[in-house]
Amino acid sequence: MSATLSKELDQLSVNTIRFLAVDGVQKAESGHPGMPMGAAPMAYVLWTRFLKHNPLDPGWIDRDRFVLSAGHGSMLLYSLLHLTGYDLSLDELKNFRQWGSRTPGHPESALTPGVESTTGPLGQGLGNSVGMAAAEAWLSARFNRPGHNIIDHYTFTIAGDGDMMEGVASEAASLAGHLKLGKLICLYDDNRITLSASTGVSFTDDTARRYEAYGWHAQAVSDGNDLEAIENAIAAAKNEKGKPSIIIVHTYIGYGSPSKQGKFESHGSPLGISEVKKTKEALGWPDRQFYIPDEALAVFRQSLEKGKKTESAWKEKFSLYEAAYPQLAEELKGLIAGKIPEKWDSDIPFFEPDAKGVSTRAALGKVMNATAPRLTSLIGGSADLDPSTYTALKGLGDFESPDKMPADLQGSAGGEWNYSGRNIHFGVREHGMGAILNGLALHGGIIPYGSTFLVFSDYMRPSIRLAALMGIHVIYIFTHDSIGVGEDGPTHQPVEHISSLRAIPGLVVMRPGDANETALAWKAAIEMKGRPVALILSRQNLPVFGREYSADPSRVEKGAYILFDSGKKDPDIILIATGSEVFLALGAGHDLSKSGISARVVSMPCCELFDEQDRKYKDSVLPPAVKVRLAIEAGISHGWHRYTGDAGGTICIDRFGASAPGDVLMKKFGFTVENVVNTAMKLLNRN
Ligand SMILES: Cc1ncc(C[n+]2csc(CCOP(=O)(O)OP(=O)(O)O)c2C)c(N)n1
């Protein structure tokens, strides 16, 4: 094909993307046409000349990852998926944003084949892509062998001005630069227009210099329609293996629209029927809707043949690897399939009954370290809190660029210092950590965990919400879970956090009451499928319950169980408690029964799992006939009334805490056996 003809075909293909997006948004009468119109050329170059993928096998582990961080431009992604041959029909594009379609307003990874991540909340996608690139670096360091590059792919993202402004992206980008994730490439759609304005009103950073300062390789493409320049920049970015790359591509939002190009009006509203007509005219496009020229389709559909070939070549490579390293190959296949190794839990310790006890954070640290050697896909870390959250996997290596060991190294987890390390030092970047954890989980082959104080879970809540929405397996470890934190005061004492995490649909929130419950919570968290789990742990020591209370190994996975019963089938009162308040309820239960009151104590480490049990089990724990119920939790009372009912009560804390020693605060706020007994008596007398 002559150069001119091939240029024309390129143009036709780029415009095919543009007008599918324009038509999709116009038909839905809702959506964001401007971004796809401007970014179509870079997307075209990336998807047809670089992206290693097989549209017929969107789950192939060694595919390049592509994340549309500017998720509002979803029609760009749907067009690419349809055109390159993913299982997404043209009818789906015509049904953009409609009930039951696989083309929702913003991309949703659980819904649409080929969508790698649920994006839309700006900045998150860029954060996810850092996690994906980290996953690639880790898996390749762990499993590749000389001559056997089994894991070897890039992670690409297209991000907009909004992504560049969001803190979460900056946190993640800073860590990516530190880690030297050389196979991460961000194409920045620099159109200088956001939803409501030109960026001149709020964003005058020198983004190239900023990213260079993070340790990235930065390039600029001055004309976003110059396919060759884009191609050269991506090729150069791929060649820069020691740094992540940003390519700042100068584009025009709403490109081609005679009256809306370069205007924020094209950002989030359909162009309008007459403007669509004019735009098609301006770009030499027939006045047809959802028109896909055969020649353009043929260009995109080459991805099918190319993808098939590339994946089969990889499969051949993998069989050679399998022959040379059967054990490693077996392990890798297990990780990719999300299998938990058999007997992974056989080294979980039993904690001997002990009145002085141990904090649940310390118990979890022991359990994690006991199980981590067998649980090889477990990697994670904390936002600079390892010495407090106890979540370091000791001796299992630091996930770091091998050439970046600081001279004054402190805080290493021990073991290797390279990309095969299992401890990620997220730094003081909770939100970035949340987005990166999602990327690690989305990549596959990894069970990621991240840890901080419970009070700072707020800093990563948007990412937690997305993990729940995507249905991915991320484990959060939140310690220092109440006013029991003590002297640090109310800024560091969570009160509303447990309840507010429980409000996220799909998130499993577990607050174990002693060390052995903690071990069982860890087992449930690791074996959880397709849901994120938040483990809520105490700073302060908690007694370890006697063996008589630790009989049923499924007690935590059922969400709640009877810890103590003073005899009668239908007791006079049920005390329900979680975490650090369970031992208080237990003490009160004993005291009440000594006074002739039949009391039951229910430990409820996980409301969500309890709610999912069958009626029979739920009624056996909380018999409907027993109306007098008292819930005890050192957090806000919100949510407890559904278990305690009108006749019940709560001992909770519906205000901020205070600065004082933790045991003093617990007393002042009524978290004592005595107060539980007195409150129970009052409730009983009232009935
Ligand atoms: C966290 C977050 N805040 C606000 C929004 C609403 N929003 C969607 S797109 C957008 C502007 C993004 O600007 P840019 O990235 O330049 O996209 P473009 O205008 O080029 O389409 C905003 C504010 C969002 N999606 N996510």
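Every value quoted in this text rests on a predicted model; they were computed, and no experiment measured them.

## A closer look at the domain arrangement of the protein
Under the domain assignment used here, the protein contains domain 1 (3-308), domain 2 (354-406 + 419-544) and domain 3 (559-686). For domain 1 versus domain 2, the distance between C-alpha centres works out to 33 Å. The interface is formed by 30 residues belonging to domain 1 together with 29 residues belonging to domain 2. The element that contributes the greatest number of residues to the side of domain 1 that touches domain 2 is helix H5 (residues 124-143), accounting for 15 residues. A class-by-class count of the residues in the side of domain 1 that touches domain 2 yields 15 nonpolar, nine polar and six charged.

## What to know about the nonpolar core
Core analysis: the largest hydrophobic core is formed by 208 residues, its most contacted members being Ala-43, Leu-76, Leu-535, Leu-575 and Val-602. When sequence neighbours within four positions are dropped, the list of residues in contact with Leu-535 reads Leu-364, Ile-475, Tyr-476, Ile-477, Phe-478, Met-510, Ala-521 and Ala-525.

## As for the packing of helix H13 (residues 360-371) against helix H18 (residues 515-527)
If you want to describe how two helices pack, look at the angle between their axes and the distance between the axes. With their axes 9 Å apart at the nearest point, H13 and H18 run at an angle of 50 degrees to one another. Our classification of the angle between H13 and H18 gives oblique. Relative to H18, H13 is oriented so that their crossing is right-handed. Contacts from Thr-360, Ala-363, Leu-364, Val-367 and Met-368 of H13 reach H18 at Ala-515, Thr-518, Ala-519 and Trp-522.

## Considering the sheet that holds strand S16 (residues 561-565)
Read from one edge of the open sheet, five strands run S16-S18-S17-S19-S20, paired in mixed fashion. Strand pairing shows two members of the sheet lacking a second neighbour, S16 and strand S20 (649-651), which therefore form its edges. Going from strand to strand, the sheet's axes swing by 25 degrees on average, the running direction of each strand aside. Relative to strand S19 (residues 629-632), strand S17 (residues 573-577) runs parallel, the two being bridged by four bridges. Along S19, the bridge assignment pairs Ile-574 with Arg-629.

## Quick look at unusual backbone geometry
In this structure, Lys-180 is a non-glycine residue whose phi angle is positive, near 60 degrees. Residue placement: Lys-180 occurs in the loop between helix H7 (167-179) and strand S3 (184-190). Phi at Lys-343 is positive, roughly 55 degrees, even though this residue is not glycine. Looking at the secondary structure, you find Lys-343 in the loop between helix H12 (326-336) and strand S6 (354-359). Overall, the presence of 8 C-beta atoms within 10 Å leaves Lys-343 in the exposed class.

## Description of the site of the ligand
The environment of the ligand is made up of 20 residues, and the closest members are Met-35, Gly-160, Asp-161, Gly-162 and Thr-194. Where the shell around the ligand is concerned, the elements lending two or more residues are helix H2 (34-50) and helix H6 (161-165). The element best represented in the shell around the ligand is H6, accounting for three residues. Grouping the amino acids of the shell around the ligand by side-chain chemistry returns seven nonpolar, nine polar and four charged.

## Details of the environment of Ala-534
Within the element layout of this structure, Ala-534 appears in strand S14 (residues 533-536). Sequence spacing of Ala-534 and Arg-502 is 32 residues, and the spatial spacing of their C-alpha atoms is 9.4 Å. Non-local contacts of Ala-534, meaning those with residues more than four positions away in its chain, are made with Tyr-476, Phe-478, Leu-501, Leu-507 and Val-509.

## Regarding the sheet that holds S3
Taking strand neighbours across the sheet as the criterion, the five strands line up as S1-S2-S3-S5-S4 in an open arrangement whose pairing is parallel. Since the sheet does not close on itself, it has two edges, and those belong to strand S1 (65-68) and strand S4 (217-221), each with one partner. Taking the axes of each pair of neighbouring strands and ignoring which way they run, one obtains an average angle of 15 degrees across the sheet. Sheet analysis places strand S2 (residues 155-160) next to S3, joined by six bridges and oriented parallel. Counted as the bridge partner of Thr-157 is Cys-186 from S3. Contacting S1, S2 and S3, H5 runs over the sheet at an angle of about 170 degrees to S2.

Procedures and definitions
- Residue indices follow the written sequence of each chain, beginning from 1 at its first position.
- Predicted model: local features are reported for residues with pLDDT of at least 70 only, side-chain atom pairs are reported and counted for 80 or more only, and whole-chain, interface and lining totals are derived from all residues.
- Here the bounds of each domain stem from an automatic or database domain assignment.
- We call two residues in contact when their backbone-placed C-beta atoms lie within 7 Å.
- A helix here means a DSSP run of H or I that spans at least four residues, while a strand means a run of E at least two residues long, and both kinds are numbered starting from the N terminus.
- Note that Gly is not counted as nonpolar here; it falls among the polar residues with everything else outside the nonpolar set of Ala, Val, Leu, Ile, Met, Phe, Trp, Tyr, Cys and Pro and the charged set of Asp, Glu, Lys and Arg.
- We define the nonpolar core as any set of buried residues of the types Ala, Val, Leu, Ile, Met, Phe, Trp, Tyr and Cys, connected via C-beta atoms lying within 7 Å of each other.
- With C-beta atoms placed from the backbone, a residue is labelled by how many other C-beta atoms lie within 10 Å of its own: buried for 20 or more, exposed for 12 or fewer, partly exposed between the two.
- Interaxial angles span 0 to 180 degrees and are taken between N-to-C directions of axes, which are lines fitted to C-alpha atoms, for helices over the stretch in contact.
- Roughly parallel means an angle under 35 degrees; roughly antiparallel, over 145; roughly perpendicular, 65 to 115; everything else is oblique.
- Whether a crossing is left-handed or right-handed is set by the direction in which the near helix is turned from the far one by less than a right angle, anticlockwise for left-handed and clockwise for right-handed.
- Two strands make a pair as long as DSSP finds a minimum of two bridges between them.
- To decide nearness, the C-beta atom of each residue is placed from the backbone, and the residue is near a molecule or strand if that atom lies within 6 Å of it.

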